[in-house]
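# Breakdown of the fold
Spelled out from the first residue to the last, the chains are:
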Number of protein chains: 2
Amino acid sequence: MTRQVHLNVNILNAGVFGGSWRLPGTDPLASFGLAHYVDIARKAEAAKFDAVFLADGPAIREDLRYRPFNSLEPSVVLAAVAASTSRIGLIGTLSSSYNDPYDVARRFATLDQLSGGRSGWNVVTTAGRQSARNFGFDDEPDHGRRYERAAEFVEVVRKLWNSWEPDALVGDKSGQVFADTTRIHRTDHHGEHFDVAGPLNVPRSPQGEPVVVQAGASRDGRALAARVGEVIFTAAQTEDEAREYYHDVKARARGYGRGPEDVIVLPGLSTVIGSTEAEARERRELLAELVPPEYALDRLAGQLGVPRESLVLDGSLPWELLADPDDAGGSQTFYKIAVSLARRESLTVRQLLRRLGGGAGHRIVTGTPEQIADAIVDWVDKGVADGFNLMPDVLPSGFDDFVDHVVPELQRRGVFRTDYDSTTLRGHLGLAAPHHAIPSSHVEQVVA
Amino acid sequence: MTRQVHLNVNILNAGVFGGSWRLPGTDPLASFGLAHYVDIARKAEAAKFDAVFLADGPAIREDLRYRPFNSLEPSVVLAAVAASTSRIGLIGTLSSSYNDPYDVARRFATLDQLSGGRSGWNVVTTAGRQSARNFGFDDEPDHGRRYERAAEFVEVVRKLWNSWEPDALVGDKSGQVFADTTRIHRTDHHGEHFDVAGPLNVPRSPQGEPVVVQAGASRDGRALAARVGEVIFTAAQTEDEAREYYHDVKARARGYGRGPEDVIVLPGLSTVIGSTEAEARERRELLAELVPPEYALDRLAGQLGVPRESLVLDGSLPWELLADPDDAGGSQTFYKIAVSLARRESLTVRQLLRRLGGGAGHRIVTGTPEQIADAIVDWVDKGVADGFNLMPDVLPSGFDDFVDHVVPELQRRGVFRTDYDSTTLRGHLGLAAPHHAIPSSHVEQVVA
């Protein structure tokens, strides 16, 4: 059988391009209201996507003068989406640096119960001083320390998700047994970062456990992704970058006793779709023009960690100021992509900004639905991706074009489902329920 | 105009009585799924209730062998309810002892955006060792300390909710201004418990601020309720208890510069409804029988903090072991109610258990719809309550009877709305938007 494509849509406010909200016909404030998320999720479900995804950071974006940002809290938004859909997976981001494992385990377990087994948690360590200062810290914790905490955090969350065996809820009226407490186990986690007694107060997930998603790019990040990620988001501009990451992370996963089928790698894919190539290129040009250049320069300076004055639109990057990506701190995905791209193609700053599209450093494909489908099938066929984390140029219009024109093309080619054969996110992804040892202790009972 | 009644329904899993889940016709596991909450909220909305309410504690209930408990995380559940309703208020509980203010502010602000201004936050300090041990503590923090933290927590949350002025989101495409950052202000809170930079990353609430709810019973609790509570839940078995609390908390509120109309006091009200008095009494007897007596004894011993052996069904309470309620620690509402009731009426343990109904110490009224309506109107007319936090005996059936028979009776008497005249929770409650000083600093801009 032809290798199947997994598709997830990233509902990134008004779209991945910095000027998306300014495109004629786009409601600039839509992403601050419920209908935006429900409408896109319903379209994604009708198109048989695996999941919708919400990125997140617990701080204001300082560039909000110039563009929308992800404002609303994902677990709350996805619950509203759960009530309005029936099949599509629901992946939300919560930080392992600024939350407690019990609370995170519970919120995703609740989303999972409400949705019938459709929730996924994207673990992020949350770079940046802004977020740190909203949670009582002067600055972000050290990069390595954040990843150590994240690894233990995920371990605790999974222990909590596994504190209930299946069928612990009995509801036996005549036997006077509501829950079989011998099937509910204390967690008793005592680690370097966390002490958590448990058990969780939410029953076991309908899909075994919510799906764990990760997007590590740095050395520490790749190690975490390989260890815990069941879906891994990544950014790759070229087939070679995609291949390197795909093989590296699957090899690392093997080191943790995990098979290649336990780890689904989805590179980001930004799409600009036109009914002809010329139309697509015209849309992309327009989107590039809609980003104020001063904003783009400031943003790039911040992301590269160089002074604003060191960037000149028609000059090259200030190479002498740029650190090795692994030593740069902050969000490394963008940094690495941008620096590699500029170096490989000897781009001026202006050319680099144009190539990045004001976006997050993900691959952008501009073309007809057939060309987009070609690009998708190409990487999946070559075994450098298991599918894509779609980041439409503009929401909802760019996504409408994708579901109306690209999805039918993929279905015609036999590489994408025409109906769901599962009711859970884990099922859509073809992931086995993880096997976690269930501890032997059971919950203390007030009543003997 | 006749004094109007405010009504809130507490969706307390299968109902307030310990044996509710065992009543024939009741689905014992319903409260672990979405439909339970959506169905009750839709009925409450059709009946023009002010709000639905979810109580919460971040730990398993050790009596779950014998009865359901509130398992699902409220902010997530209420978001799903928000998507399925349009007018009813949505009040959820989150602990000020085991969360961060930025996260709580954001979750309720998000719920508020999604619901068009219908969210309310019930601040609880969370008694008990079980919860503490899920968040890295050996035991619950000291009672006074928990309330100090709660007061500062609410202060920070409100500063965050006020960090955005109205209309800060502009979305001006031609002017290239997405947000007017001069209308978004840093929070810069530096207190004993919290350092929070802000601003919040969610725009100002459609209702100004989400409504703050509190249920303080102890000395510290009443002080907190009077200082920050806009809705105050309380437990009162008798008119005198209700009067004492009502006048005390409104007088204390005056001490904080707040008028009586700024503080809405809603005693808990458990109802057992029959089409005749005899039918109602029969239902109540049946519900009492459905609670296993061993379970009831164990639970009472735990709540009173006395050894299980000290309680004998046909004996009196072990008075020599009982501390003054204000010194007892733990959740004081139940303790105070139970001890006062047993003392006042010289009840045996069996009689006390019967009177408490296996419930949470709230007043229980058993009777016909007219008698229930009489009881409601009586306290509101006498000025000892502004309405009630309804805790139906069994969910959904006890609530169905209330909305089908009691609500029309209240409407006939002209004391309860027949339609909403507002779209927000604050509007339903007749609460003014609080006036908070907006700080003078504005958000740092990366772009000048």
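Thresholds applied
- Residues numbered from 1 in each chain as written.
- Chains lettered and ligands numbered in written order.
- Predicted model: local features only at pLDDT ≥ 70, side-chain atom pairs only at ≥ 80, totals over all residues.
- Heavy atoms only, no water.
- Least-squares fit on C-alpha atoms with pLDDT ≥ 70 in both.
- Contact = heavy atoms within 4.5 Å.
- Salt bridge = Lys/Arg side-chain N within 4 Å of Asp/Glu carboxyl O.
- Helix = DSSP H or I, 4+ residues; strand = E, 2+ residues; numbered from the N terminus.
- Buried < 20%, exposed > 50% of the residue type's maximum accessible area, 1.4 Å probe, protein only.
- Axes fitted to C-alpha atoms, helices over the stretch in contact; angles between N-to-C directions.
- Parallel < 35°, antiparallel > 145°, perpendicular 65-115°, else oblique.
- Left-handed = near helix turned anticlockwise from the far one by under 90°.
- Nonpolar A, V, L, I, M, F, W, Y, C, P; charged D, E, K, R; others polar.
- Polar contact = N/O pair within 3.5 Å; in protein donor to acceptor, adjacent residues only side chain to side chain.
- Expected span 1.5 Å × (residues − 1).

A separate point is the relation of the copies chain A and chain B. The transformation that overlays chain A on chain B combines an axial shift of 0.0 Å with a rotation of 180 degrees, and the residual RMSD is 0.0 Å. Expressed as a symmetry operation, the mapping of one chain copy onto the other fits a two-fold axis. The rotation axis passes nearest to the C-alpha of Ala80 of chain A in chain A, at a distance of 2.1 Å. A symmetric contact is evident, with 99% of the interface residues of chain A recurring at the interface of chain B.

Here we take up the pattern of salt bridges. Inspection of the entire model under this criterion finds 74 salt bridges over all chains. The shortest N-O distance in the salt bridge between Asp56 of chain B and Arg106 of chain A comes to 2.5 Å. With Asp56 of chain B in the loop between strand E2 (51-54) and helix H2 (74-82) and Arg106 of chain A in helix H3 (residues 101-115), this pair bridges two chains. For the residue pair Asp56 of chain B and Arg106 of chain A, the accessibility class agrees, reading buried in each case.

Let us look at the packing of helix H12 (residues 369-381) of chain A against helix H13 (residues 397-412) of chain A. Residues and elements named next belong to chain A. At their nearest, the axes of H12 and H13 sit 9 Å apart, and the two run at 55 degrees to each other. In this view, H12 runs oblique relative to H13, as classed from their interaxial angle. Crossing handedness for the pair H12 and H13: right-handed. Contact residues: H12 offers Pro369, Glu370, Ile372, Ala373, Ile376 and Val377, while H13 offers Phe402, His405, Val406, Glu409 and Leu410. Across the contact of H12 with H13, the residue classes break down as eight nonpolar, one polar and two charged.

Let's shift gears to the environment of Arg67 of chain A. Residue and element names in this part refer to chain A. Positionally, Arg67 belongs in the loop between strand E2 (51-54) and helix H2 (74-82). A relative accessible area of 5% places Arg67 in the buried class. Here Asn13 takes part through its side chain, which lies 3.1 Å from a polar atom of the side chain of Arg67. For Arg67, the side chain forms a polar contact with the main-chain oxygen of Gly15, separated by 3.1 Å.

A word on helix H5 (residues 143-161) of chain A. Each α-helix turn comprises 3.6 residues. Residues three or four places apart therefore point the same way. All names here are of chain A. With 19 residues, H5 extends 27 Å between its outermost C-alpha atoms, agreeing within 8% with the 27 Å of an ideal straight helix rising 1.5 Å per residue. Burial runs high along H5: 14 of the 19 residues are buried. Where H5 starts, the residue carrying a side-chain oxygen 3.1 Å from the main-chain nitrogen of Gly144 turns out to be Asp142.

Quick look at the packing of helix H3 (residues 101-115) of chain B against helix H5 (residues 143-161) of chain B now. Residue and element names in this part refer to chain B. At a closest axis distance of 9 Å, the pairing of H3 and H5 adopts a crossing angle of 50 degrees. Taken together, H3 and H5 sit at an angle that is classed as oblique. With respect to the hand of their crossing, H3 and H5 are arranged in right-handed fashion. In contact with Pro101, Tyr102, Val104, Ala105, Phe108 and Ala109 of H3, H5 contributes Phe153, Val156, Val157, Leu160 and Trp161. The residue inventory of the contact of H3 with H5, partitioned by class, reads 11 nonpolar, no polar and no charged.

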